[in-house]
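Observations on the model geometry
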Amino acid sequence: MKMKTTNVMDMFEEGKVLKICAPMVRYSKLAFRSLVRKFDCDICFTPMIVAPDFMRSVKARDSEFTTNEADRPLIVQFAASDAQTLADAACVVAPFSDGVDLNCGCPQRWAMSEGYGACLINKPELVKDMVRHVRNQVDNPNYTASIKIRIHKDLRRTVDLCQKAEAAGVSWITVHGRTAEERHQPVHFDAIKTIKDSLSVPVIANGDIKTLRDVETTHQLTGVDGVMAARGLLSNPAMFAGYNETPLECVWDWVDLATNQGTPFTCFHQHLIYMLERVTSQPERKVFNSLHSTAAVIDYLHNTYGSPDTQTVGLS
């Protein structure tokens, strides 16, 4: 089944700051993407998929990539170290998505040792080649090829990488405003602004977006075309709709979506742990975190917060 493609580039033309759900290993899967889309998320990314594994086995393709007709606009993120493998993977997912993104930002040791992720920011010629291969081989001219990067200590190297990618036809660039070595240090908004000012393609800012106000602040500081959130959305999937904490309606929406889509219990439970973390006390969390079945979780939610119909305001 071939699905209708959104032209993501047209969304940038509309002039609003796009709100994007980041690729998150284990977490930005179909059920969660369906949830954040209900709360003003404009574009969603799949979790990072390792392109050679994806191409090697049908089993990997079926387990790593699930979608449905409502799951759009959708960007599929790949880890790859070889241009043709990336282009092959892009051609496989192109009928069911709106673009592919090359991960050039994952700082984990296993990824770097395989030639994936953040080590690619030091290989601008390879990145250029990978972008060009996707551009040339996917036959839909509206299909996007983007990259998600971290920054160098010497920002001139990052600007050079981005300008090379732009010359190769990159659609847009997401910048996580930290170096590969930095974890919880403050985001370098000045660096994101410098990159934005040196390119003509859209730039997305990533890092420390926890509230809708952060979206606005980041836009004002950097002039970016969109913002991408990860942990902020995990703890509050309704963040982009302006809620400061997860509303009860969102919790029950998650229960419905996850049970309908057969989300495995550990994933179902973990998302709720994140969502309830800021709105529950330590003793409540201890009880909730120790529950072992979907039925027990649903009972707990009913008993603690009432049914979905009785109360659709915030949890507090």
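Keep in mind the model is a prediction, meaning the values are calculated, not measured.

With that settled, the discussion passes to the environment of Ser63. Note that Ser63 resides in helix H4 (residues 58-64). Classification of Ser63 by relative accessible area gives partly exposed; the value is 48%. Placed 179 residues apart in sequence, Ser63 and Gly242 show a C-alpha to C-alpha distance of 33 Å.

The next subject is the domain arrangement of the protein chain. We note that the domain assignment places domain 1 (8-241) and domain 2 (248-305) within the protein chain. Measuring from the centre of the C-alpha atoms in domain 1 to the corresponding centre in domain 2 gives 29 Å. In this assembly, 15 residues from domain 1 lie in contact with 14 residues from domain 2. For the pairing of domain 1 and domain 2, the buried interface totals around 1300 Å² over both sides, and the portion due to carbon and sulfur atoms is 65%. Per-residue buried area on domain 1 facing domain 2 is highest for Tyr27, Ala31 and Ser235; these three make up 37% of the total on that side. Counting across the domain 1 and domain 2 interface gives one salt bridge. Lys38 is paired through a salt bridge with Asp253; the nearest N and O atoms lie 3.7 Å apart. Here domain 1 and domain 2 share two residue pairs in polar contact (both at pLDDT 80 or more) between them. Elements that contribute at least two residues to the side of domain 1 that touches domain 2 include exactly helix H2 (30-37) and helix H11 (231-235).

What counts as what
- Here the residue numbering is sequential within each chain, running from 1 through the sequence in written order.
- Local features in this predicted model are restricted to residues of pLDDT 70 or higher, and side-chain atom pairs are both shown and tallied only at a pLDDT of 80 or more, whereas totals for entire chains, interfaces and linings draw on every residue.
- Side-chain metrics in this entry use all non-hydrogen atoms of the structure; hydrogen atoms and water are not considered.
- Elements are defined by DSSP. Helices are runs of H or I of four residues or more, strands are runs of E of two residues or more, and each kind is numbered from the N terminus.
- Burial classification: accessible surface area is computed with a 1.4 Å probe over protein chains only, and a residue below 20% of its type maximum counts as buried, one above 50% as exposed, and the rest as partly exposed.
- Domains are outlined according to an automatic or database domain assignment.
- Contact definition: two residues touch when any of their heavy atoms are within 4.5 Å.
- Throughout, the accessible surface (probe 1.4 Å) given up by two parts as they are put together, summed over both, is called the buried area.
- One speaks of a salt bridge when a side-chain nitrogen belonging to Lys or Arg is within 4 Å of a carboxyl oxygen belonging to Asp or Glu.
- Pairs of N or O atoms within 3.5 Å make up the polar contacts considered here, provided that, within protein, one atom can donate a hydrogen while the other can accept it, and that residues adjacent in sequence are counted only when both atoms are side-chain atoms.

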